[in-house]
Number of protein chains: 2
Amino acid sequence: MGASKLDIYNEETNTIAAIAKVFAHPARVAILQFISKQDACICNDIVDEIGLSQSTISQHLKVINDAGLLKGDFKGKSICYCLNVDRFKTFQNLFNSYFNTTQNNCCT
Amino acid sequence: MGASKLDIYNEETNTIAAIAKVFAHPARVAILQFISKQDACICNDIVDEIGLSQSTISQHLKVINDAGLLKGDFKGKSICYCLNVDRFKTFQNLFNSYFNTTQNNCCT
DNA sequence: TTTTATTATCGTAATATTGCAATATTACGA
DNA sequence: TCGTAATATTGCAATATTACGATAATAAAA
């Protein structure tokens with residue numbers, strides 16, 4: 001039983017949890033920070049910066065990319081990644097909505 | 001290699017990831033919402049509401065409690081849980097700080 | 001077309017997480 | 001003290017996640 005029973009929760013609940021899961025590993029937190037500071041950078045830059053292997057970084061990038069948080073274009077042989085700021089804001093808003101709703105319930 | 005290498009990241013990075021991990025399972029997201037609506041409730045109420053077994057709920061409650069998000073006092077044989085709203089706000093602020101910093105880096 | 005560089009994917013081992021049943025522990029009341 | 005109720009803990013199986021090396025796939029340049 002390592003798989004979560006997603007069907008017993010509503011859409012919003014699963015969404016919040018899915019978003020949180022993207023940030024639930026420090027490598028991905030650090031990668032996003034690093035990319036934002038460069039405005040744009042390539043996989044091997046991230047490998048040098050974070051200190052994990054290239055294949056691990058690529059896996060983490062896939063999680064982030066699948067979450068819609070990256071935009072990437074080829075620059076020569078490299079993919080140049082930058083943040084999808086709109087998506088970032090969307091996630092932030094969903095989180096704040098959850099946090100605010102939960103707190104406000106409590107203060108009535 | 002299932003364990004994350006936490007020593008290669010800085011304190012803030014690990015903190016954000018640790019907070020996100022608390023919310024990275026829908027049961028915990030739902031439990032917090034449910035508790036907030038009741039203002040206070042007991043383990044078996046949560047079992048009934050969420051639909052997982054008592055032992056599973058207890059495990060999820062432990063994760064939430066270890067994160068400092070709950071206050072609990074005995075009411076008879078039951079523990080009556082309510083939200084630690086201050087801690088909630090702290091987490092929210094840390095998240096927003098991370099989100100805002102990362103986005104602002106990008107918009108320079 | 002071949003070579004080189006870059007990144008993604010695959011396979012693997014180790015560890016973490018999830019859910020449940022069984023049971024231990026704790027908190028009362030009789 | 002015993003009985004009951006409530007919750008935590010333990011053990012287990014199944015699955016997910018993490019990191020890495022090897023290699024496949026992709027994008028140029030020669």
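Residues numbered from 1 in each chain as written. Chains lettered and ligands numbered in written order. Predicted model: local features only at pLDDT ≥ 70, side-chain atom pairs only at ≥ 80, totals over all residues. Heavy atoms only, no water.

(A) Region of interest: the environment of His60(A). Residues and elements named next belong to chain A. On the secondary structure map, His60 appears in helix α4 (residues 54-66). Given the relative accessible area of 11%, His60 is considered buried. The contact partners of His60, leaving out residues within four places of it in the chain, are His25, Ala27, Arg28, Ile31 and Leu52. (Helix = DSSP H or I, 4+ residues; strand = E, 2+ residues; numbered from the N terminus. Buried < 20%, exposed > 50% of the residue type's maximum accessible area, 1.4 Å probe, protein only. Contact = heavy atoms within 4.5 Å.)

(B) Representation of the protein's contact with DNA strand C in the model. Near DNA strand C there are 32 residues, and of these Met1(A), Ser58(A), Tyr81(A), Gly2(B) and His60(B) occur at the shortest range. Between DNA strand C and the protein, one listed contact pairs a base nitrogen with a side-chain N or O atom of Gln59(A) at 3.4 Å. Broken down by secondary-structure element, the contributors of at least two residues to the surface near DNA strand C are α3 (43-50), α4 and β3 (78-83) of chain A together with α4 (54-66) of chain B. The element best represented in the surface near DNA strand C is α4(A), accounting for 5 residues. Its residues assigned to classes, the surface near DNA strand C shows 10 nonpolar, 16 polar and 6 charged. (Near = heavy atom within 4 Å. Polar contact = N/O pair within 3.5 Å; in protein donor to acceptor, adjacent residues only side chain to side chain. Nonpolar A, V, L, I, M, F, W, Y, C, P; charged D, E, K, R; others polar.)

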